[in-house]
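Inside the fold
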Amino acid sequence: MENFTPISSLIGGIILGLSATLLLMAGRIAGISGILSSLIPPQPGDALWRVLFIAGLILGAAAYPLLGGDMSFVTLNPYLLPDSAHYALLIVAGLLVGGGTYIGAGCTSGHGICGLGRLSLRSFSAVMIFMAVAVITVFIMRTLVGG
């Protein structure tokens, strides 16, 4: 509870909810995997909002530390793996997430934010699986691997 930030969490939740609602009202889903995959190949007349959405994600993350945000939580445990293994681990993790996104027909943002908001049973099932895998992963990393 030392990093509990109710005000910024509430503001972030409101912004996410508003953006998901605005996209839903326009007939769109704020799922990052769907937004990104529809850029390859780009659809005429549909690419601009997708590019702006992805750019906003990247620029928002880049602006956070520039605006005084604390990035100390980003560091990887140096005792867990040598530096060269971090990149291999990130590549494997990225491929696993990409594969899960493909198998689950959407990502955590699409299912968790938009799908649950639409009361989708498929999204509810997907989120339950995401959360179970997250719990198992944390257990393995903290208990068995020692991270």
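Above: the structure in question.
Residues numbered from 1 in each chain as written. Predicted model: local features only at pLDDT ≥ 70, side-chain atom pairs only at ≥ 80, totals over all residues. Heavy atoms only, no water.

As for its position among the elements, Asp46 is in the loop between helix H2 (32-37) and helix H3 (47-66). Overall, Asp46 belongs to the buried group, its relative accessible area being 13%. For Asp46, the side chain forms a polar contact with the side chain of Arg50, separated by 2.7 Å. (Helix = DSSP H or I, 4+ residues; strand = E, 2+ residues; numbered from the N terminus. Buried < 20%, exposed > 50% of the residue type's maximum accessible area, 1.4 Å probe, protein only. Polar contact = N/O pair within 3.5 Å; in protein donor to acceptor, adjacent residues only side chain to side chain.)

With an omega of -10°, the peptide bond running from Ile40 to Pro41 counts as cis. Position of Pro41 among the secondary structure elements: in the loop between H2 and H3. Unusually for a residue other than glycine, Leu119 sits at a positive phi of about 60°. Along the chain, Leu119 falls in the loop between helix H5 (108-117) and helix H6 (121-145). Relative accessible area serves as the criterion here: at 77%, Leu119 is assigned to the exposed category.

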